[in-house]
Amino acid sequence: MYLLYTIVASLFTFFILKWLKKRRFCTDLKRLDGKTVLITGGSSGIGKETAVALAMRGARVVIACRDVENAEKAVREIKFKSHSLNVLYMELDLANMSCIREFCKRFLQKEKRLDILVNNAGMPSVLDWTDDGFSMCFGVNHLGHFLLTNLLLPCLKESAPSRVITLTCSNYKYQRLNFQDLNYNLVPFFTYCRSKLANIYFSQELARITEGKGLTTYVVHPGFVQSGWICHFSFLFRMLMQVIMWMFFVPCELGAQTVVYCAVSDEAAQHSGGYFVDCRPATLRPFARDSGVAKKLWEASERLVKLV
Ligand SMILES: NC(=O)c1ccc[n+]([C@@H]2O[C@H](COP(=O)([O-])OP(=O)(O)OC[C@H]3O[C@@H](n4cnc5c(N)ncnc54)[C@H](OP(=O)(O)O)[C@@H]3O)[C@@H](O)[C@H]2O)c1
C-alpha cells in the first residue's frame, strides 16, 4: 500500500510539474516586418529561440556570436524553423572591449536601423577573467552589454520607437553590489548574481536617461530554462543538472516567451525600465529599485569601459 501511495504521489508531482512547464506563451501576435533585431548569444539556448520567434514575425534578425561555426549552424536552423531567409550572424566577443567597438562599427556600416536590441548572451557562474581584466560574469554579462548598448544608442534612437531587452535572473536577489569591488570574483554563484543585479540597474538607468526619446527598456527573468549553460561545468555537475533540468526547468522555446512579449507588446511598453517574468510585469526587491545605485553603477561602468 505504501508503495502504491508513493507511486501515485510521484506521478501526481510529475504531471503538476509538466503542467507548470506549459505556463505562459506570448499571446500578442504583432508582426515585425521591416524591423531589425540584434540578439547577442543568439546561437544557442534562449537567444536562438528568441531569434526563431522574431524571424517568424517578419523581423530581420542578426545574431551576434563569438563562435563562427556555431553561428553558421544556428543561422541555418533559425532560417529552417522560422521559414525566413532574413537571418544572419555577425562575430562578437563580449569579453573583449575592442572587439565590441569593432563589431559596432561593422554593424552600423551594414545595417540601416536597429529596432530591438536583445542583450541575451550570458556567462553562468564561472571564475575567469576577460581579455580586459574584468571578472568574466561582470565583464560579459554587464560591461560588455553596457558598452554595446551605448555604442548602438544613436542608431536605436534614430529607429525609434525602439526597445532594449536585457536578460537577468531572479537570483539577483542573493547579492548586493560592492562598489569597492565591482570585479568581485570569489564565489562563482555570487559573481553571477551580482552581474544579473547589474543588468537590472543598467536597464532602469537606461530607461531614465532615454525617457521621452522613443526608446523603452525591459529586463527579463526567462524562468529556469533547459539551455546550454551547464556545458561550462564539470561532468558530474552536468549529469546532476540534466536530471534537475528535465524535471523542473522549462524548454528554451518557453524561456524565450517573455523576451518576445517585451519585443512586441504595447502593454509592456507602458512599463519602460520594468522587470518582466512570465509575460507580465513583476516586482523587484526594493534594493534592486534604488535609482541612486543604478546611476552610480552607470557612471562607474562608463569609466571602466572608457566611454568617458
Ligand atoms: N537558462 C536559465 O535557466 C536562465 C535563467 C535566468 C537567466 N538566464 C539568462 O538568459 C540568458 C541566455 O542564457 P541561456 O540560458 O540561453 O544560456 P546559453 O545557452 O549558455 O546561451 C548563452 C549564450 O551567450 C553566449 N556567450 C557567452 N559568452 C559570450 C561572449 N563572451 N561573447 C558573445 N557571446 C557569449 C554563448 O555563446 P557560446 O555558445 O559561444 O558559449 C551562448 O550563445 C543569459 O543572460 C542568462 O544569464 C538563463
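This text gives an overview of the structure that appears in the document.

About the thresholds
Residues numbered from 1 in each chain as written. Predicted model: local features only at pLDDT ≥ 70, side-chain atom pairs only at ≥ 80, totals over all residues. Heavy atoms only, no water. Patch = residues over 30% accessible without salt bridge, like charges linked within 9 Å, V, L, I, M, F, W, Y side chains within 5 Å. Areas by Shrake-Rupley, 256 points an atom, 1.4 Å probe, with all protein chains shown as cover. Salt bridge = Lys/Arg side-chain N within 4 Å of Asp/Glu carboxyl O. Helix = DSSP H or I, 4+ residues; strand = E, 2+ residues; numbered from the N terminus. Expected span 1.5 Å × (residues − 1). Buried < 20%, exposed > 50% of the residue type's maximum accessible area, 1.4 Å probe, protein only. Arc of directions from axis to C-beta. Polar contact = N/O pair within 3.5 Å; in protein donor to acceptor, adjacent residues only side chain to side chain. Phe/Tyr/Trp six-rings, centres within 6.5 Å; stacked < 30°, edge-to-face > 60°. Near = heavy atom within 4 Å. Nonpolar A, V, L, I, M, F, W, Y, C, P; charged D, E, K, R; others polar.

### Let's talk about a nonpolar patch on the surface
Here is step 1: Taken together, the side chains of M1, L4, Y5 and V8 make up a nonpolar region of the molecular surface, amounting to roughly 490 Å² of accessible area.
Here is step 2: Mapped onto the elements of the fold, L4 is located in helix α1 (residues 2–21).

### Notes on helix α3 (residues 68–82)
Here is step 1: Across its 15 residues, α3 extends 21 Å between first and last C-alpha, which sits within 8% of the 21 Å expected from 1.5 Å per residue.
Here is step 2: Where α3 is concerned, the buried positions are A71, A74, V75, I78 and S82. Down the axis of α3, the smallest arc covering the buried residues is 105°, so these residues share one side. Across α3 from its buried face, at more than 90 degrees, point the exposed residues E69, K73, R76 and F80.
Here is step 3: Two or three places before E69, at the start of α3, stands the capping residue D67, its side-chain oxygen 3.0 Å from that residue's backbone nitrogen.
Here is step 4: Positioned one or two residues after α3, H83 has a phi angle of 55°, which is positive.

### As for the packing of aromatic side chains
Here is step 1: Taken as a whole and assessed by the stated rule, the structure comprises 11 aromatic pairs.
Here is step 2: For the ring pair Y172 and F287, a centre distance of 6.1 Å and an interplane angle of 45° mean the geometry is tilted. Here Y172 is found in the loop between β5 (162–167) and α6 (188–209), whereas its partner F287 is found in the loop between β8 (280–282) and α11 (291–304), with 115 residues between them in sequence.
Here is step 3: We classify Y172 as buried; its relative accessible area is 4%.

### Looking at the site of the ligand
Here is step 1: Contacts to the ligand come from 28 residues, most closely from R66, N120, Y192, V225 and S227.
Here is step 2: The separation between a nitrogen atom of the ligand and a polar main-chain atom of L94 is 2.9 Å.
Here is step 3: Surface burial for the ligand is 93%, taken as the share of its 890 Å² of free accessible area covered by protein chains.
Here is step 4: Residue composition of the shell around the ligand, grouped by class: 14 nonpolar, 11 polar and 3 charged.

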